[in-house]
Amino acid sequence: MSMRRFAMALHGGAGARRNRDYSREVPHMLELAERARNRLAGGASALDVAVETAMALEDSGLYVAGRGASPNLAGDYELDASLMDGSSQAAGAVAALKGVRNPILAARRVMEATPHVMLAGEGAEAFCREQDLAGIEDPDAWFTRAGQGEDNHPPGTLAHGTVGCVVLDLNGRMASATSTAGVFGKMPGRVGDTPIPAAGTWADSHAAVSGTGQGEYFIRTAACAQTSWRVAAGATVAQAAQAVIDEIGRLGGDGGLIAVDRQGRIAMPYNSQGMKRAWATSDGHIGSAVFDEGPTQL
Ligand code: ASP
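The following refers to the structure shown. Numbers given to residues run from 1 along each chain, matching the order in which its sequence is written. With pLDDT at 70 or above as the cut-off, local features in this predicted model cover only qualifying residues; side-chain atom pairs require 80 or more to be listed or tallied, and sums for whole chains, interfaces and linings still use all residues. Hydrogens and waters are ignored; side-chain quantities use all the structure's heavy atoms.

## Considering the packing of aromatic side chains
Then, number 1: Aromatic contacts are taken between Phe, Tyr and Trp rings whose centres are within 6.5 Å, Trp giving its six-membered ring; a plane angle under 30 degrees counts as stacked, one over 60 as edge-to-face, and the others as tilted. Considering all chains together, one arrives at three aromatic pairs under this definition.
Then, number 2: Measuring from ring centre to ring centre gives 5.7 Å for W202 and W229, while their planes differ by 75 degrees; the resulting arrangement is edge-to-face. Taken together, the positions of W202 in strand 7 (residues 201–203) and W229 in helix 7 (residues 223–232) put the pair 27 residues apart, joining distant regions of the chain.
Then, number 3: Cation placement over rings: the criterion is NZ of Lys or CZ of Arg within 6 Å of the ring centroid and within 35° of the ring normal. The residue whose ring lies beneath R67 is W142, and the NZ or CZ to ring-centre distance is 4.1 Å.
Then, number 4: One cation-aromatic arrangement involves R101 over W142; the distance from NZ or CZ to the ring centre is 4.2 Å. Elements are defined by DSSP. Helices are runs of H or I of four residues or more, strands are runs of E of two residues or more, and each kind is numbered from the N terminus.

## Structural notes on helix 1 (residues 25–41)
Then, number 1: Helix length check: helix 1 (17 residues) gives 24 Å between terminal C-alpha atoms against 24 Å at 1.5 Å per residue, within 8%.
Then, number 2: Accessible area is worked out with a 1.4 Å probe on protein chains only. A residue is then buried under 20% of its type maximum, exposed over 50%, and partly exposed in between. Taken together, the buried positions of helix 1 are occupied by E25, H28, M29, L32, A33, A36 and L40. Viewed end-on, helix 1 has its buried residues packed into an arc of 140 degrees, placing them on one side of the element.
Then, number 3: We call two residues in contact whenever any of their non-hydrogen atoms come within 4.5 Å of each other. For helix 1, the elements touching its buried residues are strand 1 (7–11), helix 2 (46–60), strand 5 (162–168), strand 11 (277–281) and strand 12 (286–289).
Then, number 4: G43 sits one or two positions beyond helix 1 and adopts a positive phi of about 100 degrees. For a helix, the expected span equals 1.5 Å multiplied by the number of residues minus one. Think of the arc as the fan of directions from the helix axis to the C-beta atoms.

## A look at the pattern of salt bridges
Then, number 1: In the sections that follow, a salt bridge refers to a side-chain nitrogen of Lys or Arg positioned within 4 Å of a carboxyl oxygen of Asp or Glu. If you walk through the whole model with that rule in mind, you get eight salt bridges.
Then, number 2: Among the ionic pairs, R108 bridges to D48, the shortest N-O distance being 2.9 Å. Taken together, the residues span a long stretch of sequence, with R108 in helix 3 (residues 103–113) and D48 in helix 2 at a distance of 60 residues.
Then, number 3: What makes R108 buried here is its relative accessible area of 17%.
Then, number 4: Note on D48: relative accessible area 26%, which makes it partly exposed.
Then, number 5: R265 serves as the salt-bridge partner of D261, at 2.8 Å between the closest nitrogen and oxygen.
Then, number 6: According to the relative accessible area criterion, D261 is buried, its value standing at 1%.
Then, number 7: One continuous salt-bridge network, built from bridges that share partners, spans D48, R108 and E112.

As structure tokens, then:
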């Protein structure tokens, strides 16, 4: 029997800087949390809400994903996305994808319409054309380069931004969706954690998790799967998520993650200055925050 409870959290990247103005992102994230809450209260599935929310974040042009993407060192826009449906552990992903407006929708089609988990590069683009996913005619006019100037990490380190959403629905199903243009100044062909299930996205019957940060560290720690496996082993979702962020910190990386468990508890730890985030639960919690004015667990 399900507990008839829902919960969701979203992130708009852990590359937030204290000296920047987030007066557009904070109400925008809250609006998306409200929309997700209404959809979940009406019985929508975790997977649908995770994908819709990630698409809205992509479309806004406010975050470093979808329309908000920044170019790589060669001036090209290569985007990564993945999603995972916890009830079946089905996953879909696209990596280094060019010319497609909603990489998260492409990831969903890979999951639903191919026998594979991930498509990359030209093959992924051909598949998206076949699937009639909206193309981009003039990348320089389309993309807003939302995160530029956001991170002031010293040159040579990996400054970043991403969007993601984790959901528990009324039927006890969980899902996670994550989408990004990757780290600033990335090499052509660089693929981060975001399109890799276990690293940047994970959902199973214990937790749904979405990461944001220096993706190389999230890959090296299997960050999102590790969070869920810690929950499976008896940790609370807050303990599990914090332990993973601590491990990333010990290796020299930064970032954050959002996670929800089957009881609808939410964890949103980060070791960077801030993480753009919002949340909504069936017991009335709703909000959005960037820095420590907001909670990191519920
Ligand atoms: N994790 C992403 C990547 O490494 C970037 C981010 O989350 O900001 O591609």
